[in-house]
Amino acid sequence: MLKRLRQKLLHRLQLPESWFIFFILGIIMMNFPFLHIFNKPDTIFGIPLMFLYLFIGWPFSIFVIYLFTLTFDHSDDKHQETRQQ
Amino acid sequence: MKSGLVPAALISIIYTLLIFLIAWYARHRKETGRSIVGNPYVYSLSIAVYCTTWTFYGSVGKAATTGIDFLMIYLGPSLTAFSWFFLLRRIIKISKENNITSIADFISLRYGKSPWLGALVTLIAILGIMPYIALQLKAVSTSFFLISGFNQTQSIHIPHSDTELSLPVGLLLAIILSLFSVIFGARTLVSSERHEGLIAAVAFESLVKLASMFAVGLLVTYGLFDGFTDIFTRFSAQYPDLFAQLFTLDSAGKNPDYIPTFTMFFMSMGAIMLLPRQFHVMVIENSDERHITKAMWIFPAYLFLINLFVMPIALGGILITGSAAGADFFVISVPLTTGNNTIAMLAFLGGLSAAAGMVMVESVAISTMLLNYIFMPIIVRLTPQAWFPHLLINLKRLGIFLVIFMGYFYYRVVGDSFMLVNMGMISFSAASQFLPAMLGGLYWNRGNKAGAITGILLGFLTWFYTLLLPSFSRSGWIGTELLTSGPFGIGLLKPTELLGMSGMDLWSHSLFWSMLFNISGYIVCSILFKQNEHELDQIRKFIGIFDLERRRSYRHTETKRLSKPVTITKFTNLMAKFIGEPDAHRAIFSYIGNREIDASGNVSEFELPDLKRFTEKTLAGSVGAAAAGAIVDSFLSDMGSRMESVYDIFSTVRTSLDQSREALFVRLKASEIINRTLDLQIIMDDLLNLLLKEFKLDVAIIQLSSENGTLTVRSYQGSNRRPISPKHWFVESRPYNDMVLLDRKAHIINDISQASGTVKLEQTVAEGIVSCAHIPILREGEAAIGILSVFSKSIPGLFTEEFIGLLASLAGQLAQAVTIVREIEAKDRERFQKDLAQLEHARVMRDMEIAQQIQISLLPDEAPELFGIEMGGRCISAAHVGGDYYDFFKHDDHSVDMMIADVSGHSVGAALIMAEVRTLLRALVNSSLNASTILHTLNNQLHDDLTRAELFITMFYAKYDSTTGRLSYANAGHNHPLIRRKDVASCMELDAEGLIIGVKRSVVFEERGIELFKGDVVLFYTDGLNEATNAQGEFFGTERICDHLGSVSHLPANEIIASFYKTVAEFTGSDTFQDDISIVVLKII
């Protein structure tokens, strides 16, 4: 079940549209007015809001890229397999 | 506490040596074929050359003064990494295919190899990078002063006996970096090759950067403070206002030094791809496209890690030192003030690494551009000399020094008037000017040279005016009047408030105006002006590269040809002049590979443009695309040759298939013509007229070889038509025809005036022919059955590979038709002959039947009746006509003659002889001659005829007189008749001496006689009876005849005969007899 879900997710990520959507999403999230949400001098557990947002959001975006690259390797393998056949 | 000059200098030197060693080792490994650089991790680390001292020192400085917005410089590239899979891969693919050497090369190549555009990009790169290199020199020298414990000045003064020795650190650093770059970045001229030593050093430096940043970060966060939360809490308690300011983004623009997030974000997104050094490490130094995938997340992760401790270090620094002053060097000063000298030294090395990596890659990348687009255009105008390779490589080395020392110059002039980050932003802003032309070049096929030059030039001028000039001005080098009141006092033209646009920070203002002018200039000019042919060529390469897979299945069609063929050797010599002989030879060998080379050591005419392109590409790897194009073009014009467009035979736009609509139409028409009729003459005439009508041909001829192998003109269409004679101009092409038949390949002369002198074509030239082609008419894998020759009077270079392919395919179709028609003709002929033979046979058969009828009528219908005897006779011939003959001659009521004869053979001749015998006998029997005399006479009469016809006759002649009951007889070699006497169980043979008739003249025949009694049955027969054979090969034989005769002797004569036929048929098992069988029976009643 989990494996199937993963396969399905990876398959969706292969679409160029997915790339584009995440790219645009990234631009939106890194700019005003979206940044206004976190643009406050508040802290959570003593850590400033903006610092928290950027330093959690950033690794997350890197993880998304990592997922994308997984799909790429994935499809590449498949290509090679079919080529071998 | 300061660590002092000597240890700092010593460690710097040792570290530099270490870098040298690593670079040297990597190069050594590459040369032995075991690269340590060709993997995605080193690739990702080398991209981290993006993190310069700006990151290393400047980030902390910026974090301490304007706050967390410094992160935008890293979030931008991190986001750009999303697009690498499409964008970077595409750029790398194009660059590899075209031996791209730099970003200037890339942009110049896309816009029709424009040298002006390349020069412009180079100029921007040099000017744009100047502040950036200055930044590095500044950072390193400042950190060196810090670590060695001197006050910040431009040089270190060491007291020396009576004079003071001055040690200019910045200058020294510039010299060392220049040397390093020259050694590892400009060892060979080929710039498109990868510099493994350089990359290894850069990757190692990236590691050092990260490690030392981490060391300082850990020291500050966990050594001096108690983790992130502790720093944040203490800072917010001590400086609540500053805390709020640093952790929020200043969207209102209160701080004059503040750069809006979007500006930084946008510029950094562009810079990661467009800075010359980034383009260099990401594209030129990429060893495998697949490395991109890993780099896409490793590089952002690197950025994340190196920035993780920036904020704590900045806040900790302020807490420790008490102010944000000198925050640019917190990374060193915080460990130093807290007494952690080792960490401080490590941090210094990290900063040194950051600077060295950047300066080396940048200077190599820009010196390549400098060589290709500033020096080369001048060198190209000179005549190539043997020392050119040396000149070029040294110019490149000079370029490296030039780039670094321009940075040094800027450092000396502008120096300390800017913060580190802000100096870097000037470079970023310059690099952004390449963005429209770059992206447009990759995705917009209308984008053209005029647009790119206009856009980049306008953007550059705006950048120069609104950003670089103010930076000089601020340092007091130019004077501040310009900034405050504008040029000549015109307020609207103030560099920082162009057209009165005030209230904007310096960078956003500059970015806005430069991008506005750049993009609109690019778009407007691209729409206004048309692309020239060179550009269209390149657009196909750049935009169409992702159709590559699809395109590969179709054949590339050549649209250019060389007006005069140039040999491989000449191209090689040309290359050797620029890149040296060994490289040139290596390149050309790799090119020739498995290509077909003709007898004179050259490639085919169709491949020449390809060879020309290869030469260009190889040169481009060293001197840039534009210079390479110029070199090859001037070389060709010296040779008296040039590239000219192939006459586009298929005038309309090509369809997406590899065939134009015209080609398909002609093929369709041709197959219509061929299938319409079986008349070869009509097919050939129509086909030639189709060619003449559809293409610019003037004469078309089809020759077919006849069965004995001689070519004859079968169809001749077009002008200059006159009877084919040995004096016809066309006959001059005979040698070509012979070659075509021999090697079964098309032979073309695309320009008759350039044709080799071995074949004289004077008359042809006199007829006005300028180009011709001879194509074999053949079916796949078979010998040529003819030649299709076409001639044009107007267009040299008409026969492209594609056109010849079409003609060959038509010739193939024609060959098919010819073969089919010939086969049909041959079949018709065969059938006709068969019919004729059948007809003849039928006629002969009818004649034979008639002959048979006649022959049968020559035999007596029935035996004469005579008192006391009963006779019967019958002949069944094996063939239509036979040689058997029997007859009865009744003289009176009591005497009768009977004879039986066998002419050898069953031919008509035998039948005729038989007829002659009959006639002669009729004349003889009426006389009262005895049997032997009759035979004697007959022999004499027939001898000549028989000898001539090579025939013989055996004959038995008997006379019976019923009054006496005596049978007198004579025999001429015939089977002995049998007598079966009543009550006697055996047969008696009637024998008499006598030779076969026709052997000898005057033969004496013995006359014998025998008395017959009542009940005797005499059987006369021919050898067909006793020699009838059964399936076992046994003869019917005399014995069986005798036995059978005995068993049927009581029957009437005719029934005896019938029973014999029946018995023989049963014996042989067949209804037909092998030989004629004649039986005559005489029965005495």
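Residues numbered from 1 in each chain as written. Chains lettered and ligands numbered in written order. Predicted model: local features only at pLDDT ≥ 70, side-chain atom pairs only at ≥ 80, totals over all residues.

Q: Any chance you could explain the overall build of chain A here in plain terms?
A: Along the backbone of chain A there are three helices and two strands. Listed by position from the N terminus, the elements making up chain A come as α-α-β-β-α. Across the 85 residues of chain A, 16% fall into the buried class. (Helix = DSSP H or I, 4+ residues; strand = E, 2+ residues; numbered from the N terminus. Buried ≥ 20, exposed ≤ 12 C-beta atoms within 10 Å, placed from the backbone.)

Q: How should the overall build of chain B be read in this particular structure?
A: Scanning chain B from terminus to terminus reveals 39 helices and 19 strands. Across the 1085 residues in chain B, those meeting the buried criterion constitute 49%. Pairs at least 24 apart in sequence give 77% of the contacts found in chain B among residues at least 6 apart. (Contact = placed C-beta atoms within 7 Å.)

Q: Which parts of the structure should I look at to understand the packing of helix 34 (residues 801-858) of chain B against helix 35 (residues 908-925) of chain B?
A: Angle between the axes and distance between the axes: these two values describe a pair of packed helices. Residues and elements named next belong to chain B. Close contact between helix 34 and helix 35 brings their axes to 11 Å; oriented N to C, the two are set at 30 degrees. One finds that helix 34 runs roughly parallel with respect to helix 35. Here the hand of the crossing between helix 34 and helix 35 comes out left-handed. For the pair formed by helix 34 and helix 35, the contact residues are A851, Q855 and L858 on the first element and V908, A911, A915 and R918 on the second. Class assignment of the residues belonging to the contact of helix 34 with helix 35 gives a composition of five nonpolar, one polar and one charged. (Axes fitted to C-alpha atoms, helices over the stretch in contact; angles between N-to-C directions. Parallel < 35°, antiparallel > 145°, perpendicular 65-115°, else oblique. Left-handed = near helix turned anticlockwise from the far one by under 90°. Nonpolar A, V, L, I, M, F, W, Y, C, P; charged D, E, K, R; others polar.)

Q: Just to check I follow, could you spell out the pairing of strand 12 (residues 895-903) of chain B for this structure?
A: Consecutive side chains of a regular strand alternate in pointing toward one face of the sheet and then the other. Residues and elements named next belong to chain B. Counting buried positions along strand 12 yields eight of nine residues, so the element is predominantly enclosed. Bridge count for strand 11 (residues 884-890) against strand 12 is seven bridges, and the pairing is antiparallel. Opposite D887, over in strand 12, you have M899 as the bridge partner. Where strand 11 folds back on strand 12, the antiparallel hairpin that results is connected by four residues. By the bridge criterion, nine bridges tie strand 12 to strand 13 (residues 953-961) in an arrangement that is antiparallel. By the bridge assignment, V903 is partnered in strand 13 with I953. (Pairing = 2+ DSSP bridges.)

Q: Looking at this structure, I do not really get the confidence of the model for chain A. What am I missing?
A: Parts of the prediction with low pLDDT should not have their coordinates interpreted in detail. Residue and element names in this part refer to chain A. Taken residue by residue, chain A gives an average pLDDT of 74. The fraction at 70 or more is 79%. No element of chain A has a lower mean pLDDT than helix 3 (residues 49-84), which averages 71, and none a higher one than strand 2 (residues 47-48), which averages 82. A low-confidence stretch, residues 76-85 (pLDDT under 50), is modelled with zero contacts involving residues beyond four sequence positions or located in other chains. (pLDDT = per-residue confidence, 0-100.)

Q: Explain the interface of chain A and chain B to me, please; I cannot follow it from the model alone.
A: How big an interface is tends to be stated in terms of accessible area lost as the parts join. Taken together, the contact between chain A and chain B spans 29 residues of the former and 29 residues of the latter. Counting only elements with at least two residues in the side of chain A that touches chain B, the list comes to helix 2 (16-29), strand 2 and helix 3 of chain A. Here the element with the most residues in the side of chain A that touches chain B is helix 3 of chain A; it accounts for twelve residues. For the side of chain A that touches chain B, the residue count by class is 20 nonpolar, seven polar and two charged.

Q: Is there a simple way to think about the sheet that holds strand 19 (residues 1077-1084) of chain B in this case?
A: For sheets, the rule is that strands pair by backbone hydrogen bonds, running either parallel or antiparallel. Residues and elements named next belong to chain B. Judged by pairing direction, the sheet is antiparallel, and its five strands sit side by side in the order 10-19-18-15-16 without closing on themselves. A strand with exactly one partner marks an edge of an open sheet, and here the two such strands are strand 10 (869-876) and strand 16 (987-989). This sheet shows a mean twist of 20 degrees between the axes of neighbouring strands, independent of strand direction. Of the pairings in the sheet, the one linking strand 18 (residues 1017-1021) to strand 19 comprises five bridges and is antiparallel in character. Each residue of the ladder has a partner; that of L1019, found in strand 19, is V1081. Lying on the sheet, helix 38 (residues 1037-1048) is in contact with strand 15 (978-980), strand 16 and strand 18; it crosses strand 15 at an angle near 35 degrees.

Q: Just checking my understanding: could you explain the sheet that holds strand 13 of chain B for this structure?
A: Residue and element names in this part refer to chain B. One open sheet holds the five strands; their spatial order is 11-12-13-14-17, and the pairing between them is antiparallel. Every interior strand has two partners, whereas the edge strands, strand 11 and strand 17 (1008-1011), have only one. Taken over all neighbouring pairs, the strand axes of this sheet differ in orientation by 15 degrees on average, direction set aside. Two strands pair when backbone bridges link them, and strand 13 and strand 14 (residues 966-972) are joined in this way by six bridges, in the antiparallel orientation. Considered in strand 14, the bridge of Y957 is made with A970. The sheet strands contacting helix 36 (residues 931-949) are strand 13 and strand 14, and the helix crosses strand 13 at an angle near 155 degrees.

Q: What exactly am I supposed to notice about the packing of helix 31 (residues 680-694) of chain B against helix 34 of chain B here?
A: Residues and elements named next belong to chain B. Axis separation between helix 31 and helix 34 bottoms out at 10 Å; the angle between their running directions is 170 degrees. Considered as vectors, helix 31 and helix 34 are oriented roughly antiparallel to each other. Between helix 31, through L680, I683 and L687, and helix 34, the contact on the second element is made entirely by L810, L814, A817, V818 and V821. Its residues assigned to classes, the contact of helix 31 with helix 34 shows eight nonpolar, no polar and no charged.

Q: Even after reading the chapter, I still don't get the nonpolar core, so can you show me in this structure?
A: Here is a general trend for soluble globular proteins: nonpolar side chains tend to be buried in one another's company. Residues and elements named next belong to chain B. Ranked by internal contacts, the top residues of the largest apolar core, which has 217 residues, are I107 and A314. The element best represented in this core is helix 17 (residues 341-379), accounting for 24 residues. Ignoring anything within four residues of it in the chain, the contact list for A314 reads V60, A63, A64, A327 and F330. By size, the runner-up hydrophobic cluster in this structure holds 69 residues, among which are L938, L951, V1018 and F1020. (Core = buried A, V, L, I, M, F, W, Y, C linked by C-beta atoms within 7 Å.)

Q: Hey, could you run me through the pairing of strand 9 (residues 786-792) of chain B in this one?
A: Residues and elements named next belong to chain B. Counted residue by residue, strand 9 has seven buried out of seven residues, so it is predominantly covered. Residues G786, L788, V790 and S792 line one face of strand 9 and the alternating positions I787, S789 and F791 line the opposite face, and both faces are buried. Bridge analysis of strand 5 (residues 699-705) against strand 9 gives six bridges, and the strand direction is antiparallel. Residue A700 lies in a different strand from strand 9, and its bridge partner there is V790. Of the strand pairs in this sheet, strand 8 (residues 771-777) and strand 9 are connected by seven bridges, and their pairing is antiparallel. The residue bridging C772 from the neighbouring strand is F791, located in strand 9.

Q: Sorry, what's going on with the environment of F106 of chain B here?
A: Residues and elements named next belong to chain B. Mapped onto the elements, F106 comes out in helix 6 (residues 103-110). Of the residues examined, F106 has 26 C-beta atoms within 10 Å and is grouped as buried. When near neighbours in sequence (up to four residues on either side) are disregarded, F106 contacts S95 and I100.

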